[in-house]
Amino acid sequence: MTLDPVNLLAIVAMGLATYTTRAAGLLLADRLPRTGRIRVALEALPPAVLTAVIAPAVLAGPAEMLAGAVTVAAAFRLPLLAVVAIGVASAAGFRLLVG
Amino acid sequence: MLAPPSPSSDARAGLADVLPATLAVIPFALLLGGQAAQKGLSALDMLAMSSIVFAGGSQFLAVGLWTDPAPWAALALAAFLINLRHVLMGASLARKLDRFPAWQRFAGAHLMTDETWALAERRALDRPLTPAYWFAAGALLFVNWQIWTVLGVLLGGLVAEPERYGFDFAFPAVFIALALGFWKGWRTGPVIAASALTAVAVHALVPGAWYVIAGALAGIAAAVLTTPADAPAPAPAPAEETAP
């Protein structure tokens, strides 16, 4: 096993860039007001980010949309691990059925 | 709550809550390791990247862009752009870290991923977020990521086609369930609709990870436009009362 110095430089540069994004929010939050529209915006942030991350994968085609609908229905009543199993199984199944 | 919360019970809760996400990332970790091996990265390179960067999306992008010698400036810029969403996430999470001393905030920030952040935000709806919960959940996901990405390099192209078995859908399934944890009635509808439509449109038109930022901002804009600025705080989730 080897660790090339140029590879390590690239990895450390990526790590610094990524940590900057992680710490910036903590530093920024102290400067934002905690009321009004800023509060509304920050409260909407979790569902907004999570939806944006997965929307292209879930709306990629008919099989994925059907699997997404099944997963949403499962998520309203089942624990997370069961939801994941149902999501995987339904994606595989719908891809066989509708391609 | 029947018993007062203790660090060990909070740590156990963190481990239990993060377990499904931990399992869901295994196929991606193996796939990432397999692709890295094809690009000539060693297991030690992978271990360094998975621990120093620890951000799946940017690691996939980096392996895709990887050449020899490594284009470090382009890789760093790509990592910065794809991880810009962390700024928004951290700004929201910072308000729930009252129980974290400064060093724990900034050490804990390295463990912030989409999954641990969403779990922490969800938990903060019901009860105070504690360092025990955050570090237990984050550490399990972190160690799990090292193990499976390195195994992916060593095993090569074991999971060449995760979509054939639906494994790629484990990730959206986790996020669908987490997103629904933030459902607060009709007000959440426009947020999800605006975010999804914008993300899909930008994903189709603009290369890179801009769709996440664009979708998130559209969702936030929808919330601000549909909520009066002086609206009362939404009712807390129907969970047991905690701290005084």
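Analysis parameters
Residues numbered from 1 in each chain as written. Chains lettered and ligands numbered in written order. Predicted model: local features only at pLDDT ≥ 70, side-chain atom pairs only at ≥ 80, totals over all residues. Heavy atoms only, no water. Helix = DSSP H or I, 4+ residues; strand = E, 2+ residues; numbered from the N terminus. Domains from an automatic or database assignment. Buried < 20%, exposed > 50% of the residue type's maximum accessible area, 1.4 Å probe, protein only. Contact = heavy atoms within 4.5 Å. Buried area = accessible area lost by both parts, 1.4 Å probe. Salt bridge = Lys/Arg side-chain N within 4 Å of Asp/Glu carboxyl O. Polar contact = N/O pair within 3.5 Å; in protein donor to acceptor, adjacent residues only side chain to side chain. Nonpolar A, V, L, I, M, F, W, Y, C, P; charged D, E, K, R; others polar. Core = buried A, V, L, I, M, F, W, Y, C linked by side-chain atoms within 4.5 Å. Axes fitted to C-alpha atoms, helices over the stretch in contact; angles between N-to-C directions. Parallel < 35°, antiparallel > 145°, perpendicular 65-115°, else oblique. Left-handed = near helix turned anticlockwise from the far one by under 90°. pLDDT = per-residue confidence, 0-100. Expected span 1.5 Å × (residues − 1).

> Whenever I open this one, unusual backbone geometry confuses me. Can you help?
Most peptide bonds take the trans form, and the phi angle of most residues other than glycine is negative. Residues and elements named next belong to chain B. With an omega of 5°, the peptide bond running from D68 to P69 counts as cis. Structurally, P69 can be placed in the loop between α4 (56-65) and α5 (72-82). Residues other than glycine seldom take positive phi values, yet F54 does so here, at roughly 50°. Relative to the helices and strands, F54 is located in the loop between α3 (43-52) and α4.

> Help me understand the domain arrangement of chain A, please; the structure alone is not making it clear to me.
It is common to report an interface's size as the accessible area lost on association of the parts. One can read the domain layout of chain A as domain 1 (1-31) and domain 2 (45-98). Centre-to-centre separation of domain 1 of chain A and domain 2 of chain A, based on C-alpha positions: 31 Å.

> Can you walk me through the environment of L45(A) in this structure?
Mapped onto the elements of the fold, L45(A) is located in helix α2 (residues 36-58). Residue L45(A) is classed as buried on the basis of its relative accessible area of 1%.

> Hey, could you run me through the interface of chain A and chain B in this one?
In this assembly, 69 residues from chain A lie in contact with 91 residues from chain B. A combined buried area of about 6,800 Å² lies between chain A and chain B, and 78% of that area is made up of carbon and sulfur atoms. Our count for the chain A to chain B interface comes out at zero salt bridges. Linking chain A with chain B are 13 residue pairs in polar contact (both at pLDDT 80 or more), by the criterion used here. Contributions of two or more residues to the side of chain A that touches chain B are made by α1 (5-29), α2, α3 (62-75) and α4 (80-98) of chain A. Considering each element in turn, the side of chain A that touches chain B owes the most residues, 23 residues, to α2(A). Across the side of chain A that touches chain B, the residue classes break down as 49 nonpolar, twelve polar and eight charged.

> So what exactly am I meant to see when it comes to the nonpolar core here?
Considering soluble globular proteins, one finds that nonpolar side chains tend to be buried as a cluster. If you look at the biggest cluster of nonpolar residues, it comprises 87 residues, and the most contacted ones within it are M14(A), L50(A), M49(B), W66(B), L93(B), W117(B) and L178(B). Per-element accounting of this core gives the leading share, twelve residues, to α2(A). Non-local contacts of W117(B), meaning those with residues more than four positions away in its chain, are made with L45(A), P46(A), V49(A), L50(A), M89(B), L93(B), M112(B) and W134(B).

> Can you walk me through the packing of α2(A) against helix α10 (residues 170-180) of chain B in this structure?
The description of two helices packed together rests on the angle between their axes and the distance between the axes. Two elements in contact, α2(A) and α10(B), have axes separated by 9 Å at closest approach and are oriented at 140°. By the criterion of interaxial angle, the relationship of α2(A) to α10(B) is oblique. Relative to α10(B), the crossing made by α2(A) is left-handed. Residues L50(A), V53(A), I54(A), A57(A) and V58(A) of α2(A) lie in contact with α10(B), whose contacting residues are F171(B), P172(B), F175(B), I176(B), L178(B) and A179(B). The class makeup of the residues in the contact of α2(A) with α10(B) is eleven nonpolar, no polar and no charged.

> Before we go on, may I ask you to explain the confidence of the model for chain A in this structure?
Residues shown with low pLDDT carry predicted positions that ought not to be read at fine detail. Per-residue pLDDT for chain A has a mean of 89; in total, 97% of the residues score no lower than 70. Across chain A, the element-wise mean pLDDT spans from 86 in α2(A) up to 95 in α3(A).

> How do you make sense of the domain arrangement of chain B when you look at a structure like this?
Residues and elements named next belong to chain B. Along its sequence, chain B is organised into domain 1 (7-182) and domain 2 (185-233). Centre-to-centre, using C-alpha coordinates, domain 1 lies 23 Å away from domain 2. Each partner contributes residues to the interface: domain 1 has six residues there, and domain 2 has seven residues. The three residues of domain 1 that bury the most area against domain 2 are L81, R85 and L88, which together make up 56% of that side's buried surface. Taken together, the links from domain 1 to domain 2 amount to zero salt bridges. Sorting the residues of the side of domain 1 that touches domain 2 by element identifies α5 and α6 (85-93) as the ones contributing at least two each.

> Mind showing me how you'd approach helix α1 (residues 7-24) of chain B here?
In an α-helix, one turn spans 3.6 residues, which is why side chains three or four residues apart end up on the same side. Given a rise of 1.5 Å per residue, 18 residues ought to cover 26 Å, and the 26 Å separating the end C-alpha atoms of α1(B) matches this to within 8%. Residues of α1(B) that are buried include every one of D10(B), A11(B), G14(B), V18(B), P20(B), A21(B), T22(B) and A24(B), and no others. Summarising the contacts, the buried residues of α1(B) are in contact with α4 of chain A together with α2 (26-38), α8 (114-126), α9 (131-155) and α10 of chain B.

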